[in-house]
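Each chain, letter by letter, is given below.
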Amino acid sequence: MPFVGRQRELRQLTAALSRPPVVILIEGEAGVGKTRLLHELAGHPMLIGRCHPMRFPYGPIVEALRDTCPPADLNPVTGALRPFLPEFAQLLPPAPPPLPDPQVERHRLFRAVLSLLGSLQPITLVVEDAHWVDPGTRQLLAFLARCLPEAVNLVVTYRAEDLAHPVAELLAHLPPHIDHAELALAPLDAGETALLAGHLLPEPRDLWPLTRGVPFAVEELARMLAEGREPGTPPALRDAVLLKLGSLPLAARRLVQAAAVLPEPTGQRTLTAVAGVPPEQGERGLAEAVRRGLLWESPPGRYGLRQPLTRQALCDSITPAARRRLNRRIDGPPQPQGTLSPREEQVVRLAADGLTNREIAEDLFLSPRTVEVHVANALRKLGLSSRRQLRTT
Ligand SMILES: Nc1ncnc2c1ncn2[C@@H]1O[C@H](COP(=O)(O)OP(=O)(O)OP(=O)(O)O)[C@@H](O)[C@H]1O
Ligand SMILES: [Mg+2]
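Please read these numbers as outputs of a predicted model, since none were measured by experiment. (Residues numbered from 1 in each chain as written. Chains lettered and ligands numbered in written order. Predicted model: local features only at pLDDT ≥ 70, side-chain atom pairs only at ≥ 80, totals over all residues. Heavy atoms only, no water.)

What about the nonpolar core?
Here is step 1: With 43 residues, the main nonpolar core has Leu117, Leu125 and Val156 as its most contacted residues.
Here is step 2: The set of elements that each furnish at least two residues to this core consists of strand S1 (22-27), helix H3 (59-65), helix H4 (102-120), strand S3 (123-128), helix H5 (135-146) and strand S4 (152-158).
Here is step 3: Of all the elements, H4 adds the most residues to this core, at 8 residues.
Here is step 4: Listed in part, the 27 residues of the second largest apolar core include Leu255, Val256, Val277 and Tyr303. (Core = buried A, V, L, I, M, F, W, Y, C linked by side-chain atoms within 4.5 Å. Buried < 20%, exposed > 50% of the residue type's maximum accessible area, 1.4 Å probe, protein only. Helix = DSSP H or I, 4+ residues; strand = E, 2+ residues; numbered from the N terminus.)

A word on helix H12 (residues 279-291)
Because each turn of an α-helix spans 3.6 residues, side chains separated by three or four positions end up pointing in the same direction.
Here is step 1: Relative to the 18 Å expected for 13 residues at 1.5 Å per residue, H12 spans 18 Å between its end C-alpha atoms, a close match to the ideal helical length.
Here is step 2: Among the residues of H12, Gly282, Gly285, Leu286 and Ala289 are the ones counted as buried. Looking straight down H12, one finds its buried side chains confined to an arc of 105 degrees; they lie on one side. The outward face of H12, more than 90 degrees from its buried face, is lined by the exposed residues Glu283 and Arg284. (Expected span 1.5 Å × (residues − 1). Arc of directions from axis to C-beta.)

Regarding the site of ligand 1
Here is step 1: Neighbouring ligand 1 are 18 residues; Val4, Gly31, Lys34, Thr35 and Glu219 lie closest to it.
Here is step 2: Contact distances for ligand 1 include 3.3 Å between an oxygen atom and a backbone N or O atom of Val32.
Here is step 3: Gly33 is positioned with one of its backbone polar atoms (N or O) 2.9 Å from an oxygen atom of ligand 1.
Here is step 4: Surface burial for ligand 1 is 83%, taken as the share of its 630 Å² of free accessible area covered by protein chains.
Here is step 5: Those elements that provide at least two residues to the shell around ligand 1 are helix H2 (34-39) and helix H8 (215-226).
Here is step 6: Composition of the shell around ligand 1 by domain shows at least three residues from each of domain 1 (7-184) and domain 2 (188-231). (Near = heavy atom within 4 Å. Polar contact = N/O pair within 3.5 Å; in protein donor to acceptor, adjacent residues only side chain to side chain. Areas by Shrake-Rupley, 256 points an atom, 1.4 Å probe, with all protein chains shown as cover. Domains from an automatic or database assignment.)

A closer look at the packing of helix H15 (residues 342-352) against helix H17 (residues 368-382)
Axis angle and axis distance: for two packed helices, these are the angle between their axes and the distance between the axes, and together they describe the pair.
Here is step 1: Two numbers describe how H15 lies on H17: the axes approach to 9 Å, and their chain directions differ by 95 degrees. On the basis of their axis angle, the class for H15 and H17 is roughly perpendicular. Mapping the contact onto sequence places Arg343, Glu344, Val347 and Val348 in H15 and Val371, His374, Val375, Asn377, Ala378 and Lys381 in H17.
Here is step 2: Here the residues of the contact of H15 with H17 sort into 5 nonpolar, 2 polar and 3 charged. (Axes fitted to C-alpha atoms, helices over the stretch in contact; angles between N-to-C directions. Parallel < 35°, antiparallel > 145°, perpendicular 65-115°, else oblique. Contact = heavy atoms within 4.5 Å. Nonpolar A, V, L, I, M, F, W, Y, C, P; charged D, E, K, R; others polar.)

Set out below in structure tokens:
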């Protein structure tokens with residue numbers, strides 16, 4: 001598929017890589033084109049290793065090094081890599097004897113990687129998907145970044161929304177002779193999206209509103225349309241989004257599901273009310289859903305799905321009972337009159353939806369006994385004698 005846009009980023013990267021040693025961080029959401037950008041770099045010898053969701057110890061480093069062809073006369077320390085690289089163990093010096101202290105042993109291993117990279121220079125070590133970095137590789141990268149040989153670069157790609165540890169720590173305490181650069185890849189704009197879609201579809205279609213310019217989404221949507229299918233959540237996106245949804249705290253999950261059911265982006269208060277999340281948890285939940293890239297704030301003050309193509313998968317993840325509750329709250333819940341406290345209002349709304357005290361308790365993260373008290377107080381304030389009357393209030 002022809003490469004679209006990104007000329008500025010390519011120039012920036014090329015310039016940075018041609019001034020080794022440099023540490024480069026490339027950040028961008030899933031499918032935005034980090035890997036593709038690197039593939040477009042011509043003339044820079046690279047060793048590429050990917051981190052894996054299973055976080056195999058030193059997985060990306062082993063992957064990057066296993067296809068190399070090491071020169072003769074390697075530093076004896078590189079023998080420490082023999083057990084990690086059986087593919088060319090016979091080309092490495094003999095393995096040094098084990099050391100009693102694991103920390104010392106680890107330092108020797110790090111020096112071995114450094115020395116092997118030095119013997120392969122000029123070279124760029126690329127570690128992809130560092131949001132899944134294992135602890136060993138994380139430490140190794142911090143070590144390498146600070147002592148890169150003169151013709152070795154380090155490039156690290158990652159998705160900020162899936163990051164557990166700050167990758168920017170790699171840039172901390174770099175010695176003055178080691179340069180650094182950070183590149184944030186934004187989605188394609190409407191024109192670039194149209195260009196990409198033009199390569200994928202026989203007729204022009206505006207795919208930007210549904211894909212927001214994420215090339216992976218553009219490709220997947222174009223495939224669906226080319227096959228004559230209704231635009232829905234592509235399977236590859238569905239699995240990723242459901243996995244992410246499952247990893248969110250309950251309040252954030254509910255907010256995302258509410259946003260999936262609402263046709264338009266809405267303000268925090270409405271979204272929180274529709275989701276049935278207590279306001280004090282709404283703020284934190286919203287921040288988390290935005291940080292994890294499931295929701296975004298656009299236009300300002302309004303929250304909606306970050307990736308519209310995920311709507312179908314998110315809607316399908318809602319149980320029928322929860323869907324009924326969401327719809328009732330969207331359709332305009334019976335507004336209790338009188339001087340109810342905000343908590344009583346919440347409880348009354350749910351009781352009016354037909355929820356039992358136990359269900360309300362679960363919904364609002366309260367004890368059933370507390371709910372019972374709120375319901376009794378609210379009924380008294382509203383001058384009602386039974387909760388059934390709430391439904392017609
Ligand atoms: N600028 C572009 N022009 C054309 N196609 C692109 C462009 N950027 C990305 N693509 C295509 O979009 C798809 C996703 O891109 P890529 O795999 O590089 O994303 P990524 O940011 O590495 O995602 P992930 O975080 O999942 O690794 C690929 O098929 C890629 O070829
Ligand atoms: Mg990638």
